[in-house]
Structures are given as structure tokens and as C-alpha cells.
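Examining the three-dimensional arrangement
One-letter residues, chain by chain:
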Amino acid sequence: MTTYIGISNITWGLGLLVIIRITWELLFSPLRAFPGPFLARFTDLWRAIVTAQGRIDSTHTLWHRKYNSSAVRIGPNTISISDPNLIKTIYATKDAWTKSHMYRVNDVLIKGQRISNIFNTQDNVWHDKVMKPIRGFWTMTKVLEVEGLIDETLSKLTEKLDAKFANEPGDSSKVCMMNDWLGYFAWDVTANISFGQHYGFIEQERDVDNLIVDSTKGLYYFGPISQIPWVDYLLDKNPLVRIGPKPTLTGVMYAFKVVAQYQREIAQKDRTENPGGVHHYLDKYIKLKDTYPDMVDDNQIVNWLMLNVLAGGDTTSAIMRALVYHLAKTPTAYKKLTDELDSAQLSLPAPWRDINGKVPYLEAVIRETIRINPGLAMVLERVVPEGGLTLPDGRFIPAGTKVGINPHVTSRDPEVFGADVDEFNPERWITKDDARLRKMRDTADFAFGGGNRVCMGRYLAQLEICKLFATLYSLYDIKLVDPEHEWKYHNAWFVYQWDMPMIITRRR
Ligand code: HEM
């Protein structure tokens, strides 16, 4: 009898709480005027579940269209914004808004200690301090210093494609899973420019040490859990027993291993600091020990290099896969690109000085690929600072609310890009209307984030992607085995695509 009364009281109590919560939400919540999915008003679990399904990019775009609103409520305290004019406000360079708690999920836990990095820290002061010594290494001029290392990897790739997959014209017996090889290339380039040595993916034709697979598992965890970050304390950051795939750990441990080994080799003089005359990023960072003796030790060097390891491979390969896929699906664009490259008769691997500004159609294809398929496609959350945010239409978002823009949403804004936003159409970038071009560029460039937290590796990605495709499409035809075939796609913060069987045929 006592037990029955106890349970009944608990049920009544819970019922009352639910009624109070719903009433408060409908009558008093400062965000009640913003449209969005009904369940999103009450719990972040809803968007975590939607994110786990792998298409949160197109889902956000759909919600903005469905609710016909530039501000959609996607969580009890979170608003997704679609107005490209607000990019510079939310992602400012000066007085930058802080990143939300979603990023903490990306901390790596080693021996019970949480380790943040430049990408995920919420502390803008710490970010600026740690970024200062290395920022200058990431301009296009400085990145070009490692062009020779990119060429090394590119030659390895073309040698392998020649040996294993390149068909003679008229033959189509060899099939290449292009998604794997572009992944191997993007990851091996990152290793070569970072450490002066490849992971060995291209050479060994496999995911050595499970680096790619472990990184992917970490991101499949980060995507949904970042939408409801307190759950991370019960899973990966659980002090009793860690549950889940240990995000980013394999990459970090790899960076520790290579840095230690390199230091030993230098100490034993087995190897000079500057093999082949090219300074890779480990070399550059080690030299900072002289300039910043109080700050730079091996842990700091690993902390910097793990950014290359964790952010350099999957992002870039997402764009590369999208480019070969969309081109294979769009024969007119394909023909224009190969015609342009045939007349350019580039020396190969294509040098930057011969492609920069000299192959406009390739540039249009790359811009269109990044627009239609940003490699990172979730809301990049920031916290509204004191004073709140008044939207251009007069609606007010109070301080403390999480807001953000998903690059997938702004990249499909018809006012900026035209009515055919869902089509892959590189022609839109070939225009003499300078104002329109500038607006399109500013909006699509948000694929690399913005303000004080803009992507550090964007020039490296640009260089790598331009060189790769100028080279590949000069050498080969790359077509889907079946032009009607659809790839598989999963957005987990980074975008992952697979199942891309393709025929490679020698052209030159
Ligand atoms: C096409 C390829 C790439 C894309 C689409 C991309 C995209 C992005 C985006 C959207 C952000 C901002 C994230 C945020 O605000 O939450 C970002 C940040 C960052 N990216 Fe990239 N990225 C790419 C390649 C790279 C490469 C190659 C590297 C390193 C070698 C890199 C390193 C970083 C780092 C360190 C940050 C954090 C910057 C900071 O907070 O100061 N990225 N990236």
C-alpha cells in the first residue's frame, strides 16, 4: 500500500513537471516565437537522433525552407540561422563570440586528463595565445613551401593508379573504388607535409594503423553527441568507465609517436632536420622552441600537429570525393574541364604557378563542389554575448542562446546563388557580374568557417585540391561504372561518402 502511494506520488509529480514545462514553453520562453520542429522546443535529444541518421545538413536546409524562416529553433536553447549577412556578426574577428559546449565533446581524454586544442577550445584568449606562433605558417605563400611534398604524394598516387587501375582506351575491366584512394591521398599528403613521411596508405593500399577508421568512428560519435553535450559525461568522459570509440585518440597518439621518434633521430644525428631541403611542419614547429622557449615543448608541438592529423584528411577528402562524383554526373561540365586542361598542356604533377588563375573552369568546378557539398556541414554553434542579437527582421535572441550557421544552408541560398541552388552548375561562377561573384564567394567561403576561428588549413586544402585535379583530369578519364549509380553519404560533422566504383582510362 505504502509502495503504491509512493509510485503514484512520483507519477503525479512528474506529470506536474511536464505540464509546467509545456506551459512555460508555450507562454513564457523567450524563444517561443521562433518556428521549428515541435519536439526541439523541449529536448536536444531530438536533434541528436536526427543527426545520428547522417543527413542533418539537408535536414537543416529543409527546415529553413519548410518554416520559411531565417531563424529556426533546433533545440530548447539553440537557433539555426540561414541569413548569409549574419556570418560576419556571429563569426567575428574582433570580440569574437565563444564556441558553445558542443565543441567540448571533441576534447581528448588521456590518463584522465582532458586535452583541448586550437579547434575546440571555448577560451578565445588561450586560442589566440596558442595560435600566435603558428598562424604565419598557414598563409598561401608559406604553404607553398611544402608544394614539393604534395608533389611526392601526388606522384605516388598516379604511379599506383597507373599500375592498378588505369585502363587503356576502349577497355573498362579494372574498377577503382575512388572514395578509398582519394581518402588515402588526402591523409598521406597531410602526413607528408606534417612529418616528412607518409602514413603509407597509398603504398600499402590500406588504412594503416586504422587511422581513418578510428577517426571516422570518433566523428560518428561527435556528430550526434555534440548536439546534446552533457551525454558525453556519461559516455566518453565517464570517470568510471569510458563508453564509445574514444574520439581523436588514435590520431593524437600517432602524433606523439612520430614527434618522439623524430626528436630521437635528430638527437642521434641519424637524420638532418631538413631532409631534401623542404621544411615540413614538424621542422617548422620544432624551431619555435628557440623563439618561444617558455611555451613550446613536445606536448605543445603534438597539440599543434594533431590539428593537421585530425582536421586535414577527412575534410579535404570529402571535397575530393564530391568533385569526382558530381563531375561524373555532369557530362557538360566534365567536357569543359578536360578541354581546358587539354589546351593548358600542364607539366605534371601540375605546379601551382601554372594553375593559379590560369585554369578558370577548374576553379569554378572546385568552388561549385565546395558550395554544393561543404566538407563540414553542421551548425557551427556560438553563444550570443551580452546585449543579445537583434535579427534584421526585428526578432530578438537573448544573450546565452546558442546560435550558428550550417554552411550547407547558406550555400543553398537562392538569393545569392540563383534558383538552381540544388544543381551542380559550375557555370554560375563564370560571370562578369563582380558584385554577384563577390557575394557568392563570401557566402560559399563560409565552408571554411569564419572570423577568429576560420580554418587554419584552407590554403593547404586549396593547393592540394587544385593540384590533384589539374593532374588527374590531364592524365585520365574518371567515370562512374554506372552513371546512374548513387554514392552513399553520411554527415557526421565531416561529410563521409563511399561506394564510388569508377573506371579510370588513360588520356595522356
Ligand atoms: C576542404 C578542406 C577543409 C574544410 C572544408 C575545412 C573546414 C573548416 C571549418 C568549417 C572550420 C571552422 C570550424 C568551426 O568554426 O567550428 C575549420 C577550422 C579548422 N580547420 Fe579546417 N577545413 C579544411 C581543411 C583543413 C586542413 C587541411 C587543416 C589542417 C592542415 C585544417 C585545420 C583546421 C583547424 C586547425 C581549424 C580550427 C581553427 C581555429 O579554431 O582557429 N582544416 N575548418
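Source: prediction; values computed, not measured. (Residues numbered from 1 in each chain as written. Predicted model: local features only at pLDDT ≥ 70, side-chain atom pairs only at ≥ 80, totals over all residues. Heavy atoms only, no water.)

Once that is clear, we can look at the coordination of the iron atom of the ligand. Of all protein atoms, Cys455 (SG) alone acts as a donor to the iron atom of the ligand, lying 2.3 Å away. Relative to the helices and strands, Cys455 is located in the loop between helix 19 (434-444) and helix 20 (458-475). (Donors = N, O, S within 2.8 Å, 3.2 Å for Na, K, Ca; no water. Helix = DSSP H or I, 4+ residues; strand = E, 2+ residues; numbered from the N terminus.)

Our next topic: the pairing of strand 10 (residues 402-405). Burial along strand 10 is two-sided: Lys402 and Gly404 and Val403 and Ile405, pointing in opposite directions, are all buried. Sheet analysis places strand 2 (residues 78-81) next to strand 10, joined by four bridges and oriented parallel. When the bridges of strand 10 are listed, Thr78 appears paired with Lys402. In terms of strand pairing, strand 7 (residues 380-383) meets strand 10 through four bridges, oriented antiparallel. Its bridge partner being in strand 10, Val383 is matched across the sheet by Lys402. (Buried < 20%, exposed > 50% of the residue type's maximum accessible area, 1.4 Å probe, protein only. Pairing = 2+ DSSP bridges.)

The subject of this paragraph is the UniProt feature "binding site: heme" (unreviewed entry) in the protein chain. In the UniProt entry, the feature "binding site: heme" (unreviewed entry) is given for Cys455. On the basis of relative accessibility, which here comes to 27%, the residue Cys455 falls in the partly exposed class. (UniProt positions renumbered as here; feature names shortened; annotations may be inferred.)

A few words now on helix 20. Compared with an ideal rise of 1.5 Å per residue, which puts 18 residues at 26 Å, helix 20 spans 26 Å between its outermost C-alpha atoms and is within 8% of the ideal. Where burial is concerned, most of helix 20 is hidden: 15 out of the 18 residues are buried. (Expected span 1.5 Å × (residues − 1).)

Moving on, we come to the packing of aromatic side chains. Two measures describe an aromatic ring pair: the distance that separates the ring centres and the angle between the ring planes. Under the counting rule described, the total for this entry stands at 24 aromatic pairs. Summarising the aromatic geometry, the rings of Tyr103 and Phe119 are spaced 5.5 Å apart at their centres and angled 70 degrees between planes, so their arrangement reads as edge-to-face. Of this pair, Tyr103 sits in the loop between helix 4 (87-90) and strand 3 (108-110) while Phe119 sits in the loop between strand 4 (113-115) and helix 5 (124-135), and the two are 16 residues apart along the sequence. Among the residues examined, Tyr103 registers a relative accessible area of 1% and is labelled buried. Its relative accessible area of 27% is what places Phe119 among the partly exposed residues. Ring plane angle 50 degrees and centroid distance 5.9 Å describe the contact between Trp187 and Tyr199, whose orientation is recorded as tilted. (Phe/Tyr/Trp six-rings, centres within 6.5 Å; stacked < 30°, edge-to-face > 60°.)

Turning our attention to the pattern of salt bridges. Counted according to the given criterion, the structure contains 38 salt bridges. With a closest N to O distance of 3.7 Å, Arg441 and Glu363 form a salt bridge. With Arg441 in helix 19 and Glu363 in helix 16 (residues 360-372), this residue pair connects regions lying 78 residues apart in the sequence. Here the salt bridges do not stand alone but share partners, grouping Arg21, Glu25, Arg41 and Arg73 into one network. (Salt bridge = Lys/Arg side-chain N within 4 Å of Asp/Glu carboxyl O.)

Around the ligand sit 28 residues in total, of which Tyr103, His127, Arg382, Arg453 and Cys455 are the nearest. Here Arg382 contributes a side-chain N or O atom positioned 2.9 Å from an oxygen atom of the ligand. If you list the elements that add at least two residues to the shell around the ligand, you get helix 13 (298-329), strand 7 and helix 20. Here the element with the most residues in the shell around the ligand is helix 13; it accounts for seven residues. A class-by-class count of the residues in the shell around the ligand yields 17 nonpolar, eight polar and three charged. (Near = heavy atom within 4 Å. Polar contact = N/O pair within 3.5 Å; in protein donor to acceptor, adjacent residues only side chain to side chain. Nonpolar A, V, L, I, M, F, W, Y, C, P; charged D, E, K, R; others polar.)

Below, the discussion takes up the domain arrangement of the protein chain. According to the domain assignment, the protein chain consists of domain 1 (1-28) and domain 2 (88-373 + 455-506). Its C-alpha centre places domain 1 at a distance of 51 Å from the equivalent point of domain 2. (Domains from an automatic or database assignment.)

Among the nonpolar cores identified, the biggest contains 108 residues, and Ile134, Trp138, Tyr285, Phe469 and Tyr473 are the most heavily contacted of them. Examining the composition of this core, we find that 17 residues originate from one element, helix 13, more than from any other. Residues Val105, Tyr221, Met378 and Ile397 belong to the second largest nonpolar core, which totals 36 residues. (Core = buried A, V, L, I, M, F, W, Y, C linked by side-chain atoms within 4.5 Å.)

Of the consecutive residues Leu348 and Pro349, the connecting peptide bond is found in the cis state with omega at -5 degrees. The topology assignment puts Pro349 in the loop between helix 14 (331-344) and helix 15 (352-355). Of note in this structure, Glu205 is not a glycine but carries a positive phi near 60 degrees. In this structure, Glu205 sits in the loop between helix 9 (201-204) and helix 10 (211-225). Within the chain, Gln345 stands out as a residue other than glycine whose phi angle is a positive 40 degrees. Relative to the helices and strands, Gln345 is located in the loop between helix 14 and helix 15. Judged by relative accessible area, Gln345 falls into the exposed class, the value being 52%.

The next subject is the sheet that holds strand 2. Here we have four strands laid out as an open sheet, ordered 1-2-10-7, and mixed in their pairing. Strand pairing shows two members of the sheet lacking a second neighbour, strand 1 (71-75) and strand 7, which therefore form its edges. Recorded for the sheet is a direction-independent mean angle of 30 degrees between the axes of neighbouring strands. (Axes fitted to C-alpha atoms, helices over the stretch in contact; angles between N-to-C directions.)

Bringing the side chain of Ser194 into the picture now. Mapping Ser194 onto the fold places it in helix 8 (residues 178-195). Judged by its relative accessible area of 1%, Ser194 falls in the buried class. With residues near it in sequence (within four places) discarded, Ser194 still touches His280, Tyr281, Leu282, Leu305 and Asn308. (Contact = heavy atoms within 4.5 Å.)

Let us look at the environment of Gly196. Mapped onto the fold, Gly196 is located in the loop between helix 8 and helix 9. The class of Gly196 is partly exposed, set by a relative accessible area of 28%.

Next up on the list: the confidence of the model for the protein chain. Counting all residues, the mean pLDDT for the protein chain is 93, and 97% of those residues have values of 70 or more. Two numbers describe this predicted complex: its pTM, 0.94, and its ipTM, 0.98. (pLDDT = per-residue confidence, 0-100.)

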